[in-house]
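Now for the letters of each chain:
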Amino acid sequence: MEKRIATVERNTSETRIRMEFNLDGKGKATSVSTGIPFFDHMLSLFAVHGFFDLSVEAKGDLEVDHHHTVEDLGLVLGEAIRKALGDRKGIRRYGNATTPMDETLGTVTLDLSNRPFLVFNVPSSLLQSGNSLTCLSKEFFRALSTRGGITLHVNVVYGENEHHIIESVFKSLGRALNEASCLDPRISDVRSSKGTL
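In short, a report on the structure. This structure is a prediction, so every number in the text was calculated from the model and none was measured.

Now for the packing of helix 3 (residues 133–148) against helix 4 (residues 162–181). When two helices pack together, their arrangement is given by the angle between the helix axes and the distance between those axes. Helix 4 packs onto helix 3 with a crossing angle of 15° between their chain directions and a minimal axis gap of 10 Å. Taken together, helix 3 and helix 4 sit at an angle that is classed as roughly parallel. Considering the relative orientation of helix 3 and helix 4, their crossing is left-handed. On helix 4, the residues touching Leu 133, Thr 134, Ser 137, Phe 140, Phe 141 and Leu 144 of helix 3 are Glu 162, Ile 166, Val 169, Phe 170 and Leu 173. Grouping the constituent residues of the contact of helix 3 with helix 4 by class yields 8 nonpolar, 2 polar and 1 charged.

Tallied over the entire structure, the rule returns 10 aromatic pairs. Centroid distance Phe 38 to Phe 39: 5.6 Å. Interplanar angle 80°. Geometry classified as edge-to-face. For the residue pair Phe 38 and Phe 39, the accessibility class agrees, reading buried in each case.

Attention now goes to the packing of helix 1 (residues 37–50) against helix 4. Two elements in contact, helix 1 and helix 4, have axes whose closest approach is 7 Å; the angle formed by their N-to-C orientations is 35°. Read as a crossing pair, helix 1 and helix 4 show a hand that is right-handed. On helix 4, the residues that touch Phe 38, Phe 39, His 41, Met 42, Leu 45, Phe 46, His 49 and Gly 50 of helix 1 are His 163, Ile 166, Glu 167, Phe 170, Lys 171, Leu 173, Gly 174, Arg 175, Leu 177 and Asn 178. Taken together, the residues of the contact of helix 1 with helix 4 sort by class into 9 nonpolar, 6 polar and 3 charged.

It is worth spelling out the environment of Val 169 at this point. Checked against the element boundaries, Val 169 lands in helix 4. Residues Val 169 and Asn 155 lie 14 residues apart in sequence; the distance between their C-alpha atoms is 8.2 Å. Beyond its immediate stretch of four places on either side in the chain, Val 169 contacts Val 108, Phe 141, Val 154 and Val 156.

Turning next to unusual backbone geometry. The backbone of Phe 51 shows a phi angle near 60°, a positive value even though the residue is not glycine. When you line up the elements, Phe 51 lands in the loop between helix 1 and strand 4 (53–60). Residue Phe 51 is classed as partly exposed on the basis of its relative accessible area of 48%. Positive phi outside glycine occurs at Asp 102, with the angle close to 55°. Along the polypeptide, Asp 102 turns up in the loop between strand 5 (94–101) and strand 6 (104–111). Judged by relative accessible area, which is 62%, Asp 102 ranks as exposed.

A general trend in soluble globular proteins is that nonpolar side chains are found buried together. Counting residues in each nonpolar core, the largest one holds 52 residues, and the members touching the most others are Phe 21, Phe 46, Leu 77, Leu 110, Phe 140, Phe 141 and Leu 152. Beyond its immediate sequence surroundings of up to four residues, Leu 152 is in contact with Val 108, Thr 109, Leu 110, Phe 117, Leu 118, Val 119, Phe 141, Leu 144, Ser 145 and Leu 173.

Before going further, it helps to examine the pairing of strand 1 (residues 5–11). Looking at chain direction, strand 1 and strand 2 (residues 15–22) are connected through 7 bridges and run antiparallel. The residue bridging Asn 11 from the neighbouring strand is Arg 16, located in strand 2. Linking strand 1 back to strand 2 in an antiparallel pair, the connection comprises 3 residues.

With 14 residues, helix 1 extends 20 Å between its outermost C-alpha atoms, agreeing within 8% with the 20 Å of an ideal straight helix rising 1.5 Å per residue. Burial in helix 1 covers these residues: Phe 38, Phe 39, Asp 40, Met 42, Leu 43, Leu 45, Phe 46, Ala 47 and Gly 50. Against strand 2, strand 3 (29–33), strand 4, helix 2 (67–85), helix 3 and helix 4 lie the buried residues of helix 1.

Locating Ser 192 in the fold gives a position in the segment after helix 4. Overall, the relative accessible area of 18% leaves Ser 192 in the buried class. From its side chain, Ser 192 meets the backbone oxygen of Thr 196 in a polar contact 3.3 Å long. Once residues lying within four places of it in the same chain are set aside, the contact partners of Ser 192 are Arg 93 and Leu 197.

Each value, and the rule that gives it
- Residues numbered from 1 in each chain as written.
- Predicted model: local features only at pLDDT ≥ 70, side-chain atom pairs only at ≥ 80, totals over all residues.
- Heavy atoms only, no water.
- Axes fitted to C-alpha atoms, helices over the stretch in contact; angles between N-to-C directions.
- Helix = DSSP H or I, 4+ residues; strand = E, 2+ residues; numbered from the N terminus.
- Parallel < 35°, antiparallel > 145°, perpendicular 65-115°, else oblique.
- Left-handed = near helix turned anticlockwise from the far one by under 90°.
- Contact = heavy atoms within 4.5 Å.
- Nonpolar A, V, L, I, M, F, W, Y, C, P; charged D, E, K, R; others polar.
- Phe/Tyr/Trp six-rings, centres within 6.5 Å; stacked < 30°, edge-to-face > 60°.
- Buried < 20%, exposed > 50% of the residue type's maximum accessible area, 1.4 Å probe, protein only.
- Core = buried A, V, L, I, M, F, W, Y, C linked by side-chain atoms within 4.5 Å.
- Pairing = 2+ DSSP bridges.
- Expected span 1.5 Å × (residues − 1).
- Polar contact = N/O pair within 3.5 Å; in protein donor to acceptor, adjacent residues only side chain to side chain.

Structure, rendered in structure tokens:
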């Protein structure tokens, strides 16, 4: 089987990011350094719970705010997923995971369809400040969906603590992507009645 590994670099006037990503890893998040400790933690959780191997080195204009770095991390991870999936032949395509985190219950459902779309349902009170962790996470998921060719539905059924809400979603993302990207011996081509994704 061909290794499903990708290395992606993105260098702009706002960010410099290098990522190594292995779809068929063991859940090892090594050297995840974005300059934003919370997102280091979230990317590590995503890798561990999805059984992906991940390393990230990012430097961004954090003196402005965290927006550019977080959005570009989404673009780079989406590109890494897209490259690692290759022609998407043999994958299950669909994934769904619900993860409890204390008082929070978050669900991610996705389709590796090559048709990017984001649905992001979280408690509305968390979207009132444009610089909140939730707003930044939404930008990350939008960029990930767009660059990765992923139909991505994020639904937080309930929750109060913002950290718990975002953590539940990132864990669910890892688990759902692992399910969708798994190879199934019953699928010889792509899982589509059209014959293409």
